[in-house]
Amino acid sequence: DVTSSPMAETGAKAPPPPVATSSFSRPRQQAPTWQADREVANCNKCKVAFSLFLRKHHCRYCGKVFCEDCSSKTCTIPQYDINKPVRVCDECFVVIKRTNFDFNILD
């Protein structure tokens, strides 16, 4: 009986169900705020110093800044409703690959 549940007794309502991108995918999440370029002098993974010739690249999954070598992978991110391949860091690529069966990898 719904009226005798602890939530009903306190007057609380059940939270709404998460929004799904499809019947088979995970609920959407909000993409992280990107790390500010001016705050980063070195790659977050290999620690190489950025310069005029060594550009900074943001991982679209974690929002951190990496060099090209440490963020050379691309894939879709269904959790953020990103359905075309975008740049991600090497570590996030592995996480995305393990958690999503509906990813698309481009080398």
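Our structure is the block above this text.
Keep in mind it's a predicted model, so treat the numbers as computed, not measured. (Residues numbered from 1 in each chain as written. Predicted model: local features only at pLDDT ≥ 70, side-chain atom pairs only at ≥ 80, totals over all residues. Heavy atoms only, no water.)

A. Main features of the packing of aromatic side chains. Tallied over the full model, the rule gives 1 aromatic pair. With centroids separated by 5.3 Å and ring planes inclined at 25°, the aromatic side chains of Y61 and Y80 adopt a geometry described as stacked. Of this pair, Y61 sits in the loop between β1 (57–58) and β2 (65–66) while Y80 sits in the loop between β3 (73–77) and β4 (82–88), and the two are 19 residues apart along the sequence. Residue classification places Y61 among the buried positions, given a relative accessible area of 15%. Exposure remark for Y80: the relative accessible area of 14% places this residue in the buried category. (Phe/Tyr/Trp six-rings, centres within 6.5 Å; stacked < 30°, edge-to-face > 60°. Helix = DSSP H or I, 4+ residues; strand = E, 2+ residues; numbered from the N terminus. Buried < 20%, exposed > 50% of the residue type's maximum accessible area, 1.4 Å probe, protein only.)

B. Just helix α2 (residues 90–99), in detail. Considered for burial, the residues of α2 that qualify are D90, C92, F93 and I96. Taken end-on, α2 shows its buried residues confined to a sector of 155°, consistent with a single buried face. Residues E91 and R98 are exposed on α2 and point more than 90 degrees away from its buried face. (Arc of directions from axis to C-beta.)

C. Broad picture of unusual backbone geometry. Residue K47 is not a glycine yet carries a positive backbone phi of 70°. Note on placement: K47 falls in the loop between α1 (6–10) and β1. By relative accessible area, K47 is classed as exposed at 53%. A positive phi angle, near 60°, is found at D81, a position not held by glycine. Tracing the backbone shows D81 in the loop between β3 and β4. According to the relative accessible area criterion, D81 is partly exposed, its value standing at 36%.

D. Molecular detail of the pairing of β4. With 4 bridges joining them, β3 and β4 adopt antiparallel strand pairing. Each residue of the ladder has a partner; that of T74, found in β4, is R87. Connecting the antiparallel pair β3 and β4 is a turn made up of 4 residues, with D81 showing a positive phi of about 60°. (Pairing = 2+ DSSP bridges.)

E. Molecular detail of the side chain of D90. Here D90 shows up in helix α2. Exposure remark for D90: the relative accessible area of 18% places this residue in the buried category. Not counting residues within four places of it along the chain, the set of residues in contact with D90 comprises K45, D69, C70, S71, S72 and K73. (Contact = heavy atoms within 4.5 Å.)

F. Highlighting the pattern of salt bridges. Considering all chains together, one arrives at 1 salt bridge under this definition. For the salt bridge of K45 with D90, the shortest nitrogen-to-oxygen distance reads 3.6 Å. Placement of K45 in the loop between α1 and β1 and of D90 in helix α2 is noted, with a sequence separation of 45 residues between them. (Salt bridge = Lys/Arg side-chain N within 4 Å of Asp/Glu carboxyl O.)

G. Structural detail: the environment of N83. Secondary-structure assignment places N83 in strand β4. A distance of 3.4 Å separates the side chain of N83 from the side chain of D81, its partner in a polar contact. (Polar contact = N/O pair within 3.5 Å; in protein donor to acceptor, adjacent residues only side chain to side chain.)

That is the geometry; function is a separate question.
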